[in-house]
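# Tertiary structure, described
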Amino acid sequence: MTLTLGSSPAATEWFQRATLLRREQLGRLAALGVLVNGISRLVHMLQCERGASNVWLCSQGKLYAPECKASRGLVDENLTALQAMLKAQFPVTGSGVCERIACALLSLETLPLLRDGIDTQSITAPQAMDHYCRMLRHLLSIVPQLNDSIDDPQIAGRFVALYSLMQGKELVGQERALGAIGFTQGFFTDETRQRLVDRIDGQQACFEIFLSHSHAEVQNTFAQSCQPDRETEQLRRVACTRQPAADDGNTALNWFALQTSRLEHLRTLEEMVIADLMVAVEDAIQASGKATMGGEEHDDPLALFPDKPLLQLVRQQAREIDQLSRQLASLRDTLEERKTIDKAKSVLMTHQSMSEEQAWTALRKMAMDKNQRMVDIARALLTVKNLWQLTPKE
């Protein structure tokens, strides 16, 4: 005797509801993809402006004046475009996303003041770099918050890959800026060397996550175009182990050109990854539109997965989503740790009349002396700050 499933009005209604919700979710994600692309373009131009400004400041205005002017124009152009996108009322859900967008816009409002300080050379290159890094950190922090509603493991995986690539690229930009400062000045302090090592190690970790969620074509492109070449590795060793020779800034310009070329390749790859993500979302939208409600296609759910039992499939998908969630949580934890360190720096700057760089150095020294992570020292400082009876210096 053969039993055939009939068509239930209740089941059909739930199939229709599921399809509608899925299409709405994917539609929001498609719109947010445009926002992510706008953020990535602005981030890239800010990275260019940061690098050119560092060389200009360290050379006392002798180098990269045209590059500074050009990069500022491109930043302003992309900032205007991003602001227009945000005014278009993107389907942003959740207070967390809104708060991060607000923080990014608030940080970007300081850009004219930062540029004035650079033009008058009233701030140092390290100070300018920290200001640019703060703006970029706020912009990048928006991206991982956008994926909270993604329940498709493959699309979530692509989102993890994209964010990891963007984070790694920013660390490459910071490495370029730090190296430009040292090579232009003709010396590297121990602190600058440590910061360089931290950026090199950090970008490697980000790129490993990125590659683990990327297909073969993207992996090959990264291997062929986005890895540091031999000359860059040689200059890295000079920066991290000994002082460079005085050569009127030639090594600085060579370093900057090599790292800029790498960043441009990473930007091209970033555009490819964003495009692939949007294609995947569009394919999912089309697939959801073709799904039928009820009938034979729903008679046997295993027909879509002939080689896997349903229970095994469910468990596998649950593991994949859980793994992706842990990775995203780890990335968000990193952002939260940076916010904690920034708050601790603010306490030291307010109560001890320290500059931002001095506060960073103080926190790092305390962490090294106590053999603890800097974020743990920062948390401890914030916990007991009301008991320290700190008073501003005369």
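Scroll up for the structure.
Residues numbered from 1 in each chain as written. Predicted model: local features only at pLDDT ≥ 70, side-chain atom pairs only at ≥ 80, totals over all residues. Heavy atoms only, no water.

A count of helices and strands for the protein chain gives 14 helices and zero strands. Reading the secondary structure of the protein chain in the N-to-C direction produces α-α-α-α-α-α-α-α-α-α-α-α-α-α. Residues counted as buried form 43% of the 394 residues belonging to the protein chain. Counting only contacts in the protein chain whose residues sit at least 6 apart along the sequence, the fraction spanning at least 24 positions is 79%. Accessible area of the protein chain: about 20,600 Å², with a carbon and sulfur share of 54%. (Helix = DSSP H or I, 4+ residues; strand = E, 2+ residues; numbered from the N terminus. Buried < 20%, exposed > 50% of the residue type's maximum accessible area, 1.4 Å probe, protein only. Contact = heavy atoms within 4.5 Å. Areas by Shrake-Rupley, 256 points an atom, 1.4 Å probe, with all protein chains shown as cover.)

The volume enclosed by the second largest pocket comes to roughly 1,000 Å³. For the second largest pocket, the lining is made up of 32 residues, of which Arg199, Thr334, Arg338, Ile341 and Trp360 are closest to its centre. Mapped onto the lining of the second largest pocket, the elements with two or more residues apiece are helix H5 (125-140), helix H7 (153-185), helix H8 (190-212), helix H12 (310-351), helix H13 (356-370) and helix H14 (374-384). Looking at the lining of the second largest pocket, the element that brings in the most residues is H8, giving ten residues. The class makeup of the residues in the lining of the second largest pocket is ten nonpolar, six polar and 16 charged. (1 Å grid on protein atoms, 1.4 Å probe; cavity = no way out; pocket = protein on both sides within 12 Å on 5 of 7 lines; lining within 4 Å. Points joined across faces, edges and corners; volume = space filled by probe spheres on them. Nonpolar A, V, L, I, M, F, W, Y, C, P; charged D, E, K, R; others polar.)

What the rule picks out here adds up to one cavity of 30 Å³ or more. Its boundaries defined by the atoms lining it, the largest cavity holds a volume of some 50 Å³. In terms of lining, the largest cavity is formed by Leu35, Ile39, Leu82, Leu86, Ile101, Ala104, Leu105, Leu108, Leu139 and Ile142. Those elements that provide at least two residues to the lining of the largest cavity are helix H1 (9-58), helix H2 (65-87) and helix H3 (95-108). When residues in the lining of the largest cavity are grouped by element, the largest group, four residues, is from H3. Of the residues in the lining of the largest cavity, the class split is ten nonpolar, no polar and no charged.

Below, the discussion takes up the packing of H13 against H14. At their nearest, the axes of H13 and H14 sit 8 Å apart, and the two run at 105 degrees to each other. It follows from the interaxial angle that H13 and H14 lie roughly perpendicular. Only Met374, Ile377 and Leu381 of H14 make contact with H13, whose side of the interface consists of Trp360, Leu363, Arg364, Met366, Ala367 and Lys370. Residues that form the contact of H13 with H14 fall into these classes: seven nonpolar, no polar and two charged. (Axes fitted to C-alpha atoms, helices over the stretch in contact; angles between N-to-C directions. Parallel < 35°, antiparallel > 145°, perpendicular 65-115°, else oblique.)

Using the criterion set out here, one finds five aromatic pairs in the structure. Here Phe183 and Trp255 contribute two aromatic rings whose centre-to-centre distance is 5.5 Å and whose plane-to-plane angle is 45 degrees, an arrangement assigned as tilted. One end of the pair, Phe183, is in helix H7; the other, Trp255, is in helix H11 (residues 250-290), with 72 residues separating them in the sequence. No difference in accessibility class separates Phe183 from Trp255, as the two residues are buried. Aromatic ring contacts, followed pair by pair, group Phe183, Phe188 and Trp255 into a single cluster. (Phe/Tyr/Trp six-rings, centres within 6.5 Å; stacked < 30°, edge-to-face > 60°.)

What follows concerns H13. Compared with the 21 Å implied by 1.5 Å per residue over 15 residues, the 21 Å span of H13 between its first and last C-alpha is a close match. Of the residues flanking the end of H13, it is Asn371, one or two places downstream, whose phi is positive at about 55 degrees. (Expected span 1.5 Å × (residues − 1).)

On to the environment of Cys98. Mapped onto the fold, Cys98 is located in helix H3. Overall, Cys98 belongs to the partly exposed group, its relative accessible area being 43%. Residues Cys98 and Leu146 lie 48 residues apart in sequence; the distance between their C-alpha atoms is 10.0 Å.

This part is about the nonpolar core. Grouped together as the largest cluster of nonpolar side chains are 77 residues, with contacts concentrated most on Leu46 and Leu139. If you tally residues by element for this core, the top one is H1, at 15 residues. Excluding residues that lie within four positions of it along the chain, Leu46 makes contacts with Val75, Leu108, Leu111, Tyr132, Leu136 and Leu139. Counting 13 residues, the second-largest nonpolar core is a separate cluster that includes Leu348, Leu363, Ile377 and Ala378. (Core = buried A, V, L, I, M, F, W, Y, C linked by side-chain atoms within 4.5 Å.)

The phi dihedral of Gln60 is positive, around 55 degrees, even though this residue is not glycine. Mapped onto the secondary structure, Gln60 falls in the loop between H1 and H2. Here Gln60 falls in the exposed class, since its relative accessible area comes to 52%. Despite not being glycine, Gln121 has its phi angle at roughly 55 degrees, a positive value. Topologically, Gln121 is positioned in the loop between helix H4 (111-119) and H5.

Moving on, we get to the side chain of Arg364. Position of Arg364 among the secondary structure elements: in helix H13. Residues within four places of Arg364 in sequence aside, it is in contact with Gln194, Asp198 and Met374.

Let us now look at the pattern of salt bridges. The tally for this structure, following the rule as stated, stands at 19 salt bridges. The shortest N-O distance in the salt bridge between Glu49 and Arg115 comes to 2.9 Å. Of this pair, Glu49 sits in helix H1 while Arg115 sits in helix H4, and the two are 66 residues apart along the sequence. Note on accessibility: Glu49 and Arg115 belong to one class, buried. Here Arg364 and Asp198 are joined by a salt bridge, their closest N and O atoms 3.1 Å apart. Here Arg364, found in helix H13, pairs with Asp198, found in helix H8; they are 166 residues apart in sequence, far enough to count as distant. You can call Arg364 buried: its relative accessible area is 19%. (Salt bridge = Lys/Arg side-chain N within 4 Å of Asp/Glu carboxyl O.)

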